[in-house]
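Listed here are the chains, written in short residue letters.
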Amino acid sequence: MMKQWEQAWLCYGEAAAEQSIVCQAEGAVAASAVEELKRSGISYDATLTLAERAELGEEGYALRMEGAKAVIEAAKEVGLLYGAFELIRRARCGQLPETELVCVPDQPYRMLNHWDNMDGSIERGYSGQSFFFEKDEIVINERTKDYARLAASVGINASVINNVNVKGPAVRLITDDHLDRLKEMQEIFSAYGIRLYISLDFAASMDIGGLATADPLDPEVRDWWKAQMNYVYSRIPQLGGFLVKADSEGRPGPFTYGRNQADGANMLAEAIAPHGGQIIWRCFVYNCQQDWRDTKTDRARAAFDYFYDLDGKFAENVLLQIKNGPIDFQVREPFTPLFGKLEKTNYLMEVQIAQEYTGQQIDLCYLIPWFEELLHTHTGNGDEQDTIGEILSGKGSHQVGYGLAAVCNTGNDANWTGHDLAAANLYGYGRLAWNHSLSSREIAKEWILQTFPAASEADRCLICDTVLELLMMSWPTYEKYAAPMGVGFMVNPSFHYGPNVDGYEYSRWGTYHRADHLGVGVDRSSASGTGYAGLYHPLLAQQYETAENCPDNLLLFFHHVPYTHVLHSGETVIQHIYNTHFEGYEDVKRMISMWETLEGKVAEPAYGRVKERLARQLANAREWCDQVNSYFWRKSGIADEKNRQLY
Ligand code: GCV
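Residues numbered from 1 in each chain as written. Predicted model: local features only at pLDDT ≥ 70, side-chain atom pairs only at ≥ 80, totals over all residues. Heavy atoms only, no water.

Undergrad: Tell me about the overall build of the protein chain, and please be specific about residues and values.
TA: The number of helices and strands found in the protein chain is 17 helices and 17 strands. A compact globule built from 647 residues should have a C-alpha radius of gyration of about 26 Å, and the protein chain, at 25 Å, falls within 12% of that. For the protein chain, the spread of C-alpha atoms along the principal axes amounts to about 75 × 70 × 55 Å. For the protein chain, buried positions account for 62% of its 647 residues. Taking as baseline every contact in the protein chain between residues at least 6 positions apart, the subset at least 24 positions apart corresponds to 71%. Per element, the accessible surface of the protein chain, about 23400 Å² overall, is 50% carbon and sulfur. When the 58 positive and 88 negative side-chain charges of the protein chain are each reduced to one mean point, those points stand 2 Å apart. (Helix = DSSP H or I, 4+ residues; strand = E, 2+ residues; numbered from the N terminus. Rg over C-alpha atoms; globule rule 2.2 N^0.38 Å. Buried < 20%, exposed > 50% of the residue type's maximum accessible area, 1.4 Å probe, protein only. Contact = heavy atoms within 4.5 Å. Areas by Shrake-Rupley, 256 points an atom, 1.4 Å probe, with all protein chains shown as cover. Lys, Arg positive; Asp, Glu negative; His and termini not counted. Charge placed at Lys NZ, Arg CZ, Asp CG, Glu CD.)

Undergrad: Give me the site of the ligand: which residues, what numbers.
TA: In the vicinity of the ligand there are 15 residues, among which E123, K245, R282, K323 and E356 approach most closely. For the ligand, an oxygen atom lies 2.9 Å from a polar atom in the side chain of E249. Considering the ligand on its own, with 340 Å² of exposed area, one finds that the protein chains cover 96% of that surface. Partitioned by chemical class, the residues of the shell around the ligand number four nonpolar, three polar and eight charged. (Near = heavy atom within 4 Å. Polar contact = N/O pair within 3.5 Å; in protein donor to acceptor, adjacent residues only side chain to side chain. Nonpolar A, V, L, I, M, F, W, Y, C, P; charged D, E, K, R; others polar.)

Undergrad: Break down the packing of helix α16 (residues 573-596) against helix α17 (residues 606-636) for me, citing the residues and quoting the values.
TA: Following both chains from N to C, one finds α16 and α17 inclined at 165°, their axes separated by 9 Å at the closest point. In terms of orientation, α16 lies roughly antiparallel with respect to α17. When the axes of α16 and α17 are compared, the crossing they make is left-handed. Residues that form the contact of α16 with α17 fall into these classes: 21 nonpolar, four polar and four charged. (Axes fitted to C-alpha atoms, helices over the stretch in contact; angles between N-to-C directions. Parallel < 35°, antiparallel > 145°, perpendicular 65-115°, else oblique. Left-handed = near helix turned anticlockwise from the far one by under 90°.)

Undergrad: Before we move on, could you go through the sheet that holds strand β15 (residues 404-407) and cite the residues and values that matter?
TA: Taken in spatial order, the eight strands of this closed barrel run β6-β9-β10-β11-β12-β13-β14-β15, and their pairing is parallel. Shown here is a sheet whose adjacent strand axes are inclined to one another by a mean of 25°, direction ignored. Strand direction decides the pairing type here: strand β13 (residues 318-323) and strand β14 (residues 347-352), joined by four bridges, are parallel. By the bridge assignment, Q321 is partnered in β14 with L348. Strand contacts of helix α11 (residues 423-434): β6 (110-113), β14 and β15, with the helix running at about 150° to β6, the strand carrying the most contacts. (Pairing = 2+ DSSP bridges.)

The following block contains the structure:
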């Protein structure tokens, strides 16, 4: 039996009886715009018109109010849809525009990556099973459409529905076994302006084609791919393309044949170029068989070392997908130095809204302030010192870039994201990808106003203020009680929830903190360490190269320092560890009290679900606090100045 689900922020009230919508455009996307306005519960009449206005580009829109009537203009149907969602959002937030609003997205690619497996499980999924797959088949039902509505409502225009670890039956997604269903899915997505992408098995020429090799320079392999892709596109002409994880964590790739990453990507790109498709090629390529005794090999360098020299060598329809940080979606990492360094290559920044390392949708961690900070970070590239956001939107001095991708946090739980408040990450990611100058605070406010209906104006204010504060304090809180000062990991191996300070310290994964009785942190300086700090543009490299100049919050990522090292804040490293961990735990207690003020005001079952997760978060924060603090007390022998309980 199909599970009932909620509508997240599209939980509209009663449709307005007298609303008149005039749409001067035909087509499935325009029909979606009209349908959305009709069901939205807003009482405004609307006229939706295609207009030749070059400034609106392919996806933009203009929205203006003429009394009780809204006028939406766009050059293409999809702009009308985005304009309709803007009108609904603004009406529900009480922020109708006074003058004409012209909106064009910053990033041409605004993607979601789902790590869903065909058996229905989701790798790093924390909100139930997949709604795309079940028992090795593709699932299409009303929820498929609701997913597309949710995604389009925040501007998402591309979605990869299967896990980048393409194994077992997923290898055959590009065969006749599944093309009919995929076509059906693409049609549903298309009505919401979304292009479907599939994760691809690099060795499909062997696994499906029966060839003896997947060597990207082998003519037979190339021909096999061309024929296969011609067939796939003959069946699904609107398919966006393919995402590829190659030479990473056991996945096949060009390295097996002595070829480089560009050889691999370009072979696939050539096969789909005639169909207008794109290859999204991940840069998450590293040696996951490292010896922990080896202090010179540095996983953080891997993406740079494998890809920097290939700048300019990728085909036009290849976009590299680069994780925001050089390790793996930690609560704090520096940005990957390829941003701002690649100058002749198209790329996306990959972030993770599935909270693999940030509380797994048990702990509250609103990640949009983190992404906002990343997008506003200067890379040191060019006279203007381009920020990552500017580069990704093609405004940087070298005009590369083109978008964002997020590992998604949805599943078939009734509320989509397990933790009700984790839906703010999905909403916020889309909004930020559309317009990176929006603030995480504004975005949170919009989301709250649309998500929680209130019985009175006073309740509406209370809910808004309280949830806003909760969201905004949640990432700093998580950072306080997790691994300190950018050093990362310290999580339980494999499932990555909860503390285990030495969990990865003597493993093959390349994620170490190098703590001993004198100090902690990884020496990534050029003078005495792995040289990673020197990969940045000089302005940033100067900061990161020495412990004295390095920002406190990244100190242990870049340097191994004594516990007595004094931070810019004036605290010693050890006292900072103690203080932040105790504070993080206290913050969660405060978060619980804050949520409890909303009892009876936020409707069930959401109120109870959040309360239950906050209680689990408190237990987790206690564990982190006690384990991390006791570990460093035992290692260092230095007492807490405030004499709090350590074990
Ligand atoms: C899909 C991390 C995760 C893996 C994930 C991988 C990736 O290592 O733990 O589950 O695999 O990143 O991004 O490919």
